[in-house]
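Notes for the structure review
Each chain, letter by letter, is given below.
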Amino acid sequence: RQLQVFIRDPNFLGRSSSFLGADSHGFLKTAWWYLKGPLNWGAGILIAIPSALGLLLSLYRKKSTDLLILVFPLSYFLVISAGKSQWARYAVSLMPFVALYAASFLYTLLDRISSRYNIIEAKQNIILFLLAFVLVIPSTYNILRYDYLLSRKDPRPPSKESVVFTIPIGALISHVTS
């Protein structure tokens, strides 16, 4: 019964929020949030594009192995998109499939180009390695930048000490937002 409602109204599952952390974005907006947010943050646009093309390629080929591999990421994506909360960590389970579809597309593309221009297998492997290396540079940069930011000294303790030593005992501190 719930599946029938889900098909008729894709935003049904996101209408009411009855617990802390719930939102009311609905299925379509949550699915779009996962596509433009965590999947893009984790892989980057340079991997997301070949991954999307690899996914389309696997649907076009209609091989049973391609469709079998598609079952988990598709069903998992539908389940997390149907939820009422958006957590970036839910998308982590999709990352291996993003990499798999990107690799599938790049390998197929390189194989067709190689057969057309008679490129030997050793050169194919070098080209594929260099292409993969270039595609992961933005993600590697983001990881290194994040690690650098985490390794910096925390600015909060000096701020706390200045408040503790300059404000008299018993004084109230208020925080007003607009």
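Residues numbered from 1 in each chain as written. Predicted model: local features only at pLDDT ≥ 70, side-chain atom pairs only at ≥ 80, totals over all residues. Heavy atoms only, no water.

1. Topic: the packing of helix H6 (residues 95-117) against helix H7 (residues 121-151)
For the pair H6 and H7, interaxial distance at closest approach is 11 Å and the crossing angle is 145 degrees. You can see that H6 and H7 cross each other, and the crossing is right-handed. Touching Leu106, Tyr107, Leu110 and Ser114 of H6 are Gln124, Ile127, Leu128, Leu131 and Leu135, all from H7. Counted by class, the contact of H6 with H7 contains seven nonpolar, two polar and no charged residues. (Axes fitted to C-alpha atoms, helices over the stretch in contact; angles between N-to-C directions. Helix = DSSP H or I, 4+ residues; strand = E, 2+ residues; numbered from the N terminus. Left-handed = near helix turned anticlockwise from the far one by under 90°. Contact = heavy atoms within 4.5 Å. Nonpolar A, V, L, I, M, F, W, Y, C, P; charged D, E, K, R; others polar.)

2. A look at the nonpolar core
Counting residues in hydrophobic clusters, the biggest one holds 15 residues, and the most contacted among them are Tyr34, Leu39, Ile47, Phe77, Ile80, Leu94 and Val98. Among the elements of the structure, helix H2 (26-36), helix H3 (38-43), helix H5 (64-82) and H6 are those that each provide at least two residues to this core. With four residues, the single largest contributor to this core is H6. Not counting chain neighbours up to four residues away, the residues in contact with Tyr34 comprise Leu39, Phe77, Ile80, Ser81, Ser85, Gln86, Trp87, Tyr90 and Ala91. (Core = buried A, V, L, I, M, F, W, Y, C linked by side-chain atoms within 4.5 Å. Buried < 20%, exposed > 50% of the residue type's maximum accessible area, 1.4 Å probe, protein only.)

3. Remarks on the layout of surface pockets
Looking at the largest pocket, its volume works out to about 520 Å³. For the largest pocket, the lining is made up of 19 residues, of which Leu35, Leu39, Ser51, Leu55 and Val98 are closest to its centre. When residues of the lining of the largest pocket are traced back to their parent elements, those giving at least two are H3, helix H4 (45-61), H5 and H6. Among the elements that make up the lining of the largest pocket, the one with the highest residue count is H4 (seven residues). Among the residues making up the lining of the largest pocket, the classes are represented as 17 nonpolar, two polar and no charged. (1 Å grid on protein atoms, 1.4 Å probe; cavity = no way out; pocket = protein on both sides within 12 Å on 5 of 7 lines; lining within 4 Å. Points joined across faces, edges and corners; volume = space filled by probe spheres on them.)

4. Overview of the packing of H5 against H6
Direction vectors running N to C along H5 and H6 enclose 150 degrees, while the axes themselves pass 10 Å from each other. Compared by their axis directions, H5 and H6 come out roughly antiparallel. Seen along the crossing, H5 lies across H6 with a hand that is left-handed. Taking contact as the criterion, the partners of Asp66, Ile69, Leu70, Phe72 and Pro73 in H5 are, on H6, Phe97, Leu100 and Tyr101. (Parallel < 35°, antiparallel > 145°, perpendicular 65-115°, else oblique.)

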